[in-house]
Amino acid sequence: MAVHYCGLCRRSAFTGRRHRYSTGHRRRLREALGQLQEATAAARAAAAVADGAAAVRRYDPAEHDGRVWCPCCGRGVQRHGRRGGLERGGPTLPHAGLLWRLAGHRRETARFWRENRAEAALRERCLVPAEEYERFAQALEQALAEHQRREEERILQVRSVTSPQRPRPPLAPPHRCVPADELVSYFRDSPCGAEEPGPSRMQTGPDLAWMESSKVLTFIGHQVGVTGAKPPWLTEEEDGSKQIGPSYEEFLKHKEKQKLKKLPVERVGANFDHTSQTSDSWLPSFGRVWNHGRRWQSRHQFRTESGEKKKKR
Amino acid sequence: MSFLLPKLTCKREVDQAIKSVAEKVLVLRFGRDNDAVCLQLDDILAKTAHDLSKMAVIYLVDVNNVPVYTQYFDISYIPSTVFFFNGQHMKVDYGSPDHTKFVGSFKTKQDFIDLIEVIYRGAMRGKLIVRSPIDPNNIPKYDLLYQGI
């Protein structure tokens, strides 16, 4: 059989396509889809209830840099989008990155589901309908405008407090207004182009005006605090209760597994999946008394028999 | 004696038992708690359950509670005892017409212990049917009728 590389298990399977029915593969598939579903549900719930204006916040790398692995596209997806691409210092757009990916990867999911024989019912849970995304994008645009207005107000307020005596030219708006269809481009990594004047670039240090008369120094920008990130000594440290290494439960599970490895591989029902969920109409395979053929066939026989009986009544 | 052993009262519980018992023989006794022969069998099962706890898990099932399984397993006489291993049904050749289940009560505790041991060893070797080690004289005789003919 052909060698088949399984991207999900990250190894070559020499059993060909039979590999995707193996217990390990099914388990990995279940775990990966479970994580994706969880992330999707969280993002959709947040998008549905979010009070957009409150949700758009200043970018904080510690909080907003999380990525979600999308097994369908085979890449990590930035969970939160960022206004003006990743390099520009815009505010955070909560869950925008993930939702954009979920709305756009319909074809990839179809391929993934076909290749891995995943349950079709789960697919809708890993997708976001186009109209829902559309609604989300509009709400986000409004929230952005609101956020921008608040920022400008704040800047004006601060300036009036710090230097009331010296009039300055009116400040350029920190960000230009962007139409909805351009929202998409926010989440792509934009090349580091010309910087727009923004609040983070504003000169707030000591007044250097006294030097202007003799010699003009070249200002290359503040080197500290440019990103607006919290300095490392101010971030709260996690308390040292985090355990290193496997927990006791994991150890027990591992021991159980080692015990199973010692049993003969050809024993009856060696690869029976004990954790599978089944419906109420499930029946074990049972070689019936008057049955000929394989044991699982008696199940079908029984179903047809009971079906006939019901019809007769 | 039936109060000493765990009981399964609905189809879902039986399903769960068949699916979840791993690397052990699952013994399902189909019968009624107040039947005379069932009482005899339950006594043997209850007294051996502890000795066999590493090889077998024993459950009592009331035939009236699970009509689906009663029909599917063709249980026409009670008590009938069915064996499973890792979710697979184990057949045993008792020398009686029916290989799928043991009908009636065992004569001694040792008979039952021997049978479980043979099933366990057979299953570990990958056998779906084993020969019963019980003396044929100790196995109850009965006639099996094909669909009531």
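Since this is a predicted model, take the numbers as computed values, not measurements.

> Help me understand the interface of chain A and chain B in this model?
For interface size, the figure often reported is the accessible area lost on association. Tallying the contact residues gives 31 residues for chain A and 38 residues for chain B. Taking both partners together, chain A and chain B bury about 3000 Å²; carbon and sulfur atoms supply 59% of that area. Our enumeration of links across chain A and chain B arrives at two salt bridges. When the shortest N-O distance is used, the salt bridge between A:D280 and B:R12 registers 3.0 Å. Linking chain A to chain B there are 14 residue pairs in polar contact (both at pLDDT 80 or more). At five residues, helix α10 (residues 297–312) of chain A tops the list of elements feeding residues into the side of chain A that touches chain B. Residues belonging to the side of chain A that touches chain B are distributed by class as follows: 13 nonpolar, 10 polar and eight charged.

> What am I meant to see in the pairing of strand β4 (residues 75–78) of chain A here?
As a general feature of sheets, a regular strand has side chains that alternate between the two faces. Residues and elements named next belong to chain A. The pairing of strand β3 (residues 67–70) with β4 spans four bridges and is antiparallel. The residue of β4 that forms the bridge with W69 is G76. What sits between the antiparallel neighbours β3 and β4 is a turn of four residues, in which G74 has the positive phi angle 70°.

> Hey, could you run me through the pattern of salt bridges in this one?
Pairs can form between side chains of opposite charge once their charged atoms are near each other. Residues and elements named next belong to chain B. Taken as a whole, this structure holds 16 salt bridges over all chains when the rule is applied. Put simply, D15 and K11 hold a salt bridge, and the shortest N to O gap is 2.8 Å. Taken together, the positions of D15 and K11, both in helix α1 (residues 11–20) and four residues apart, correspond to about one turn of that helix. Accessibility expressed as a relative area gives 5% for D15, which makes it buried.

> What is the right way to look at the environment of A:V56 in this model?
Residues and elements named next belong to chain A. Summarising the element assignment, V56 is placed in the loop between α2 (52–55) and α3 (61–64). What makes V56 buried here is its relative accessible area of 2%. When the C-alpha positions of V56 and L140 are compared, they lie 8.2 Å apart, and in sequence the two are 84 residues distant. Those residues in contact with V56 that lie beyond four places of it in its chain are P91, T92, P94, L140, A143, L144 and H147.

Reading the values: the criteria
Residues numbered from 1 in each chain as written. Chains lettered and ligands numbered in written order. Predicted model: local features only at pLDDT ≥ 70, side-chain atom pairs only at ≥ 80, totals over all residues. Heavy atoms only, no water. Contact = heavy atoms within 4.5 Å. Buried area = accessible area lost by both parts, 1.4 Å probe. Salt bridge = Lys/Arg side-chain N within 4 Å of Asp/Glu carboxyl O. Polar contact = N/O pair within 3.5 Å; in protein donor to acceptor, adjacent residues only side chain to side chain. Helix = DSSP H or I, 4+ residues; strand = E, 2+ residues; numbered from the N terminus. Nonpolar A, V, L, I, M, F, W, Y, C, P; charged D, E, K, R; others polar. Pairing = 2+ DSSP bridges. Buried < 20%, exposed > 50% of the residue type's maximum accessible area, 1.4 Å probe, protein only.

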